[in-house]
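Listed below are the residues making up each chain.
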Amino acid sequence: MTGDDRLTVPVSDRFRAAATDWGDNRLMDEDDALETKAEQALLEIEHLVADATEVEFTVEDGEIRHSPSDELAAFLDRQADDYGLEPADVLAMHVDLFARVFLEGEETESADPDDPRPW
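Since this is a predicted model, take the numbers as computed values, not measurements.

How each quantity is defined
Numbers given to residues run from 1 along each chain, matching the order in which its sequence is written. With pLDDT at 70 or above as the cut-off, local features in this predicted model cover only qualifying residues; side-chain atom pairs require 80 or more to be listed or tallied, and sums for whole chains, interfaces and linings still use all residues. With hydrogens and water set aside, each side-chain value is computed from the structure's full complement of heavy atoms. Helix and strand definitions follow DSSP, with helices as H or I runs of at least four residues and strands as E runs of at least two, each counted in order from the N terminus. Burial classes follow relative accessibility: with a 1.4 Å probe on protein chains only, a residue under 20% of its type's maximum area counts as buried, one over 50% as exposed, and anything between as partly exposed. The predictor attaches a confidence to each residue, and that confidence, scored 0 to 100, is pLDDT. Whether two residues are in contact is decided by their heavy atoms, any of which lying within 4.5 Å being enough. A pair of strands is labelled paired if DSSP reports no fewer than 2 bridges between them. The working definition used for a salt bridge is a side-chain nitrogen of Lys or Arg within 4 Å of a carboxyl oxygen of Asp or Glu. Helix axes use the C-alpha atoms of the stretch in contact, all axes being lines fitted to C-alpha atoms, and the angles between their N-to-C directions lie in the range 0 to 180 degrees. Convention used here: angles under 35 degrees read as roughly parallel, angles over 145 as roughly antiparallel, angles from 65 to 115 as roughly perpendicular, and any remaining angle as oblique. The classification used treats Ala, Val, Leu, Ile, Met, Phe, Trp, Tyr, Cys and Pro as nonpolar, Asp, Glu, Lys and Arg as charged, and all other residues, Gly among them, as polar.

Some details on the side chain of Ser67
Then comes step 1: Here Ser67 shows up in strand S3 (residues 63–67).
Then comes step 2: According to the relative accessible area criterion, Ser67 is buried, its value standing at 13%.

A word on the confidence of the model for the chain
As a general rule, the predicted coordinates of low-pLDDT regions are not to be interpreted in detail.
Then comes step 1: Averaged over every residue, the pLDDT of the chain is 87; residues scoring 70 or more account for 82%.
Then comes step 2: A low-confidence stretch, residues 106–110 (pLDDT under 50), is modelled with three contacts involving residues beyond four sequence positions or located in other chains.

With respect to the pairing of strand S2 (residues 56–60)
Then comes step 1: When S2 meets S3, the two strands line up antiparallel, connected through five bridges. Paired with Glu60 across the two strands is Glu63, which belongs to S3.

Structural notes on the pattern of salt bridges
Any two side chains of opposite charge can pair if their charged atoms end up close together.
Then comes step 1: Under the counting rule described, the total for this entry stands at three salt bridges.
Then comes step 2: Ionic pairing is found between Arg16 and Glu30, a salt bridge with its closest N-O pair at 2.6 Å. In this pair, Arg16 sits in helix H1 (residues 13–24) while Glu30 sits in helix H2 (residues 30–50), placing the two residues 14 residues apart along the sequence.
Then comes step 3: You can call Glu30 partly exposed: its relative accessible area is 38%.
Then comes step 4: Among the ionic pairs, Arg65 bridges to Glu60, the shortest N-O distance being 3.9 Å.
Then comes step 5: Overall, Glu60 belongs to the partly exposed group, its relative accessible area being 40%.

Remarks on the packing of H2 against helix H3 (residues 70–83)
Then comes step 1: Contact pair H2 / H3: the axes reach a minimum separation of 9 Å and the direction vectors enclose 90°. By the angle between their axes, H2 is roughly perpendicular relative to H3. Two secondary-structure elements touch here, H2 through Ile45, Glu46, Val49 and Ala50 and H3 through Glu71, Leu72 and Phe75.
Then comes step 2: Taken together, the residues of the contact of H2 with H3 sort by class into five nonpolar, no polar and two charged.

Some remarks on the environment of Thr36
Then comes step 1: Secondary-structure assignment places Thr36 in helix H2.
Then comes step 2: In this structure Thr36 comes out as partly exposed when scored by relative accessible area, which is 21%.
Then comes step 3: In sequence terms Thr36 and Gly23 are 13 residues apart; their C-alpha atoms lie 8.8 Å from each other.
Then comes step 4: If we ignore the near neighbours within four places in the chain, the residues touching Thr36 are Trp22 and Met28.

Okay, here's the thing in structure tokens:
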């Protein structure tokens, strides 16, 4: 895979819920919130792997389409090879991990102690 290839990942229920919560707090419609949360997640991933500060992506029809940097593409290829997955599946897992990043006002004191989601 090269940096010019677009990877397509589905918007998970977890990601959609986080974007909706985030957008509700900012009086944003769901589409704008999904796009902003996707940008935040992709920027975090690209920055960690490639020190990038910009991302190329679209969100439409329940999918995020991203053109990874060369460094991220190589990273995803290695992880995909190591675990017998497709690079898009690896990216989907990373995007989903960042779904709840930047949510404000999360109350961890009242959280269910058996809930496996990171806070």
